[in-house]
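Here is how the chains run, residue by residue.
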Amino acid sequence: MSAAFTTLWTHDVCRELRRHRVGERPPVAFSGVHQSLPSWTSVGVGDDVFALHVNRCVVYVVSRLRVVDKHQRDCCGPAPATWRDPAYPGHDAWAMLGSGGCGASPVHVEATPVRFDVAVPGDLLGTLTWRNRRGEERTLKYVVNGRLERAVSLQGVYRLTDESAARLSALVDGAPTPGTPAVVRARRGGVTGDAA
């Protein structure tokens with residue numbers, strides 16, 4: 001049975017995505033061994049990962065990534081010959097997702113287009129629930145009046161409960177198509193700042 005997880009994409013990652021990749025579907029993400037590039041070891045083939053971003057205390061779903069495989073393919077490009085060479089030259093266009101991170105390894109995905117206008121409503125934000133390996137559940141800390149004051153409890157890769165995964169999927173699936181007036185207004189209305 002498939003599962004769903006969340007991961008937090010940083011301001012630096014999202015700044016690069018805004019500049020170059022809005023509307024495109026990432027073919028790959030990267031798993032690592034450091035807090036700046038968290039490990040996807042608990043995520044399996046067929047699982048979904050919701051890439052989140054926090055901007056001005058609002059949480060956005062940037063993309064939903066369904067894992068296809070977790071190994072290096074021909075599309076990744078040749079292995080680096082020296083330490084100066086890129087680790088995955090075939091995915092240079094998506095390097096901001098962590099190809100140069102500590103212990104980075106590719107995770108090939110089928111993804112929804114990158115976007116920055118799918119905000120998680122405050123009432124949903126306060127009820128999202130994650131479950132650890134021991135079956136213990138938790139909600140987000142630092143949610144005040146439907147806004148996330150601190151993003152620390154989103155840093156990492158965490159498994160959602162089935163109900164929370166279904167609610168985030170419904171949010172992504174029900175979002176207006178990019179290019180509609182609501183989306184254009186969101187892009188013009190300040191969803192581009194970097195202050196959490």
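Please refer to the structure placed before this passage.
Residues numbered from 1 in each chain as written. Predicted model: local features only at pLDDT ≥ 70, side-chain atom pairs only at ≥ 80, totals over all residues. Heavy atoms only, no water.

Visitor: So, unusual backbone geometry: which residues are in play, and what are the values?
Guide: Phi at Y142 is positive, roughly 70°, even though this residue is not glycine. Along the chain, the position of Y142 falls in the loop between β7 (137-139) and β8 (143-144). Look at N145: it is not a glycine, yet its phi comes out positive at around 55°. Relative to the helices and strands, N145 resides in the loop between β8 and β9 (147-148). (Helix = DSSP H or I, 4+ residues; strand = E, 2+ residues; numbered from the N terminus.)

Visitor: Can you tell me about the sheet that holds strand β1 (residues 4-8), naming the residues and giving the values?
Guide: Judged by pairing direction, the sheet is mixed, and its 6 strands sit side by side in the order β2-β5-β4-β3-β1-β10 without closing on themselves. The two strands at the open ends of the sheet, each matched to only one other strand, are β2 (28-31) and β10 (157-159). Across the sheet, the axes of successive neighbouring strands diverge by a mean angle of 40°, strand direction being ignored. Sheet topology note: the β1/β10 ladder contains 3 bridges and is antiparallel. In the sheet register, F5 faces β10, and the bridge partner there is R159. Lying over the sheet, helix α1 (residues 11-20) contacts β3 (48-55) and β4 (58-69), oriented at roughly 95° with respect to β3. Across the sheet, helix α3 (residues 162-173) is in contact with β1, β3 and β4; its angle to β4 comes to roughly 100°. (Pairing = 2+ DSSP bridges. Axes fitted to C-alpha atoms, helices over the stretch in contact; angles between N-to-C directions. Contact = heavy atoms within 4.5 Å.)

Visitor: Describe the environment of E16, listing the residues and the values that go with them.
Guide: Tracing the chain through its elements places E16 in helix α1. Judged by its relative accessible area of 26%, E16 is partly exposed. Along the backbone, E16 and W94 are 78 residues apart, and their C-alpha atoms lie at a distance of 9.3 Å. With sequence-adjacent residues up to four places away left out, E16 is seen in contact with R21 and M96. (Buried < 20%, exposed > 50% of the residue type's maximum accessible area, 1.4 Å probe, protein only.)

Everything listed here is a matter of geometry and, on its own, says nothing about what the molecule does.
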